[in-house]
Amino acid sequence: MPFTHPFSKVLCPFCFEYFHLGQAPVRVVSSSELVNDPVVQEFLRLPAGSEALMPPVEEQSGFFNKAMRNFYYPALHNGKVTKHRICPHCHMKLPIQLGNNGMLSNIIAVTGYRDSGKSNFFGVLINELKNRYSQEVGLNLITQETFSTSAMRSVFSDELYNERYGADLLGDNPQVVRATLSAQTNSDIRIPLIYRLNLTRFSKRQRWLHPFANHRPIDLVLFDAAGEDMSSPEMLSLYCRYISRAAGIIALIDPLSYPEIRNDITMNYRSTSYQNRPYDTMGVLTQTIESAGRHNSTQKINTPLAVTISKFDLLRNIDGLDPSVFEDHVHSSGFDSLAADKTSDAIRNFLIRKRINSIPTVVEDNYKTYKYFGMSALGRSPRPDRSLTSIEPINIADSLFWILNQLGYLQTEEEMKKN
Ligand SMILES: Nc1nc2c(ncn2[C@@H]2O[C@H](COP(=O)(O)OP(=O)(O)O)[C@@H](O)[C@H]2O)c(=O)[nH]1
Ligand SMILES: [Mg+2]
Ligand SMILES: [Zn+2]
């Protein structure tokens, strides 16, 4: 019987509600009976008539039992009976580690308007973290359980990753990830990919602070939906909790949505798909956080914010950006914060020179900790038939690494050298 602190709360990676682990009901998965779970049905907004058929849920009963649950949570295996711990708010199965350790979930949120490059960013980022940065930075990415709405059961995030992104990007004939359907027509969009990121390199100071740790874990919850797709109030409040409860935010900005930049780029983009007034990503993000009521609106927001210009390869040949900002940074001796600082200054100056003052103004007036990044997931534009000759990302993980550095999980080169 594991014990827990009565005031410690965990954050559900599906509905982003806080709860005490002792309040989590269990689903008796060894039962052969399947019943409709109205809580899951509601959370997934399943179309009328389709039920969420799942093994039954066991709620706790009795005052004494409930009170005791503030101090412990029951074991899940007992002879032939196997149970899963589920979230009291949405009834989704909690990832094993989160469910069993009672760790505070540290969500890093990614947001951006439709077409800002979120899906391609996720698709390439996960692949690069596994295949390149695992060695370079010292990390391992562990797939966690999430949920498949087509199979109506728990699946590992890798399976969902392959369906959503891998099948397009990593096949023999790589293609750009197809556009995401809106949340209205697609209940799958409510389901995040959940990964545990274990960072394995320690500076001397971090080693001193965590003398017995083999690695430092943090959750990466990738929720591939844009605020503007969420026309229902429930979906909007889900998105609002995701953003306002995140430990760090990556905001993707589409350079093509700014006529000041678009007019300088020679390419065959569908210019009609861009309005003349760009979507105010930073303004909406700030309002979303403030409307969640977690921050005093007279104070700056504490959450580290990585303002990330996506599709950065498109800006290669336009005036005003030094070629050095397109170099890919290597983080083998720790996060290269000097290179990140230089790029950040260059991008800030570029935005101001282009008279896109709205971004730096909103960012610098409202956030305590921020930095600007230029990132390309693909390294080039796809051909009109969606095919890609190759995928050569530029600084795809810099904004994530900077947030991990701000949260104390990853050290800079200088911090690694210090005693
Ligand atoms: N040149 C270039 N184009 C990109 C890149 N990433 C995405 N795009 C383009 O932007 C479009 C939208 O990207 P997507 O990831 O679907 O955006 P989402 O709607 O935010 O998920 C894609 O179809 C590509 O044409 C990139 O790294 N470079
Ligand atoms: Mg998408
Ligand atoms: Zn939940």
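Residues numbered from 1 in each chain as written. Chains lettered and ligands numbered in written order. Predicted model: local features only at pLDDT ≥ 70, side-chain atom pairs only at ≥ 80, totals over all residues. Heavy atoms only, no water.

Colleague: Hey, could you run me through the packing of helix 7 (residues 233-244) against helix 9 (residues 281-291) in this one?
Modeller: When two helices pack together, you describe them by how their axes are tilted relative to each other and by the distance separating the axes. Here helix 7 crosses helix 9 at 95 degrees, and the two axes come no closer than 9 Å. For the element pair helix 7 / helix 9, the angle class is roughly perpendicular. Every residue of helix 9 that contacts helix 7 at Cys240, Ile243 and Ser244 is listed here: Leu285, Thr288, Ile289 and Ser291. (Axes fitted to C-alpha atoms, helices over the stretch in contact; angles between N-to-C directions. Helix = DSSP H or I, 4+ residues; strand = E, 2+ residues; numbered from the N terminus. Parallel < 35°, antiparallel > 145°, perpendicular 65-115°, else oblique. Contact = heavy atoms within 4.5 Å.)

Colleague: Is there a simple way to think about the environment of Lys368 in this case?
Modeller: Considering the arrangement of structural elements, one finds Lys368 in the loop between helix 11 (358-366) and strand 17 (370-374). Residues Lys368 and Lys300, spaced 68 residues apart in sequence, show a C-alpha to C-alpha distance of 5.6 Å. Apart from residues no more than four positions distant in its own chain, Lys368 is found in contact with Lys300, Ile301 and Asn302. There is a polar contact of 2.8 Å between the side chain of Lys368 and the side chain of Asn302. (Polar contact = N/O pair within 3.5 Å; in protein donor to acceptor, adjacent residues only side chain to side chain.)

Colleague: Sorry if this is basic, but what is going on with the coordination of the zinc ion (ligand 3) here?
Modeller: In an ideal tetrahedron of four donors about a metal, each angle is 109.5 degrees. In an ideal octahedron of six donors, the angles are 90 or 180 degrees. Protein coordination of the zinc ion (ligand 3) is provided by Cys12 (SG), Cys15 (SG), Cys87 (SG) and Cys90 (SG), with donor distances spanning 2.3 Å. Its 4 donor atoms give the zinc ion (ligand 3) angles of 106 to 114 degrees at the centre, a pattern that matches the tetrahedral case. Here the donor residues of the zinc ion (ligand 3) share one chain and are spaced in sequence as C-x2-C-x71-C-x2-C. Of this pair, Cys15 sits in the loop between strand 1 (10-11) and strand 2 (18-19) while Cys90 sits in the loop between strand 8 (81-85) and helix 3 (96-101), placing them 75 residues apart in sequence. With respect to class, Cys15 is no different from Cys90; both count as buried. (Donors = N, O, S within 2.8 Å, 3.2 Å for Na, K, Ca; no water. Tetrahedral: all angles 85-135°; square planar, octahedral: opposite > 155°, others 65-115°. Buried < 20%, exposed > 50% of the residue type's maximum accessible area, 1.4 Å probe, protein only.)

Colleague: I keep staring at the sheet that holds strand 17 and nothing clicks. Help me out?
Modeller: By way of backbone hydrogen bonds, the strands of a sheet pair with one another, either parallel or antiparallel. Read across the open sheet, the 4 strands follow the order 9-15-16-17; overall the sheet is parallel. The two strands at the open ends of the sheet, each matched to only one other strand, are strand 9 (108-112) and strand 17. This sheet shows a mean twist of 20 degrees between the axes of neighbouring strands, independent of strand direction. As paired strands, strand 16 (residues 305-309) and strand 17 are joined by 5 bridges and run parallel to one another. By the bridge assignment for strand 17, Val307 is matched with Tyr372. Against the sheet, helix 9 makes contact with strand 9, strand 15 (248-253) and strand 16, and its axis sits at roughly 150 degrees relative to strand 15, the strand it touches most. Against the sheet, helix 11 contacts strand 15, strand 16 and strand 17, and its axis sits at roughly 145 degrees relative to strand 17. (Pairing = 2+ DSSP bridges.)

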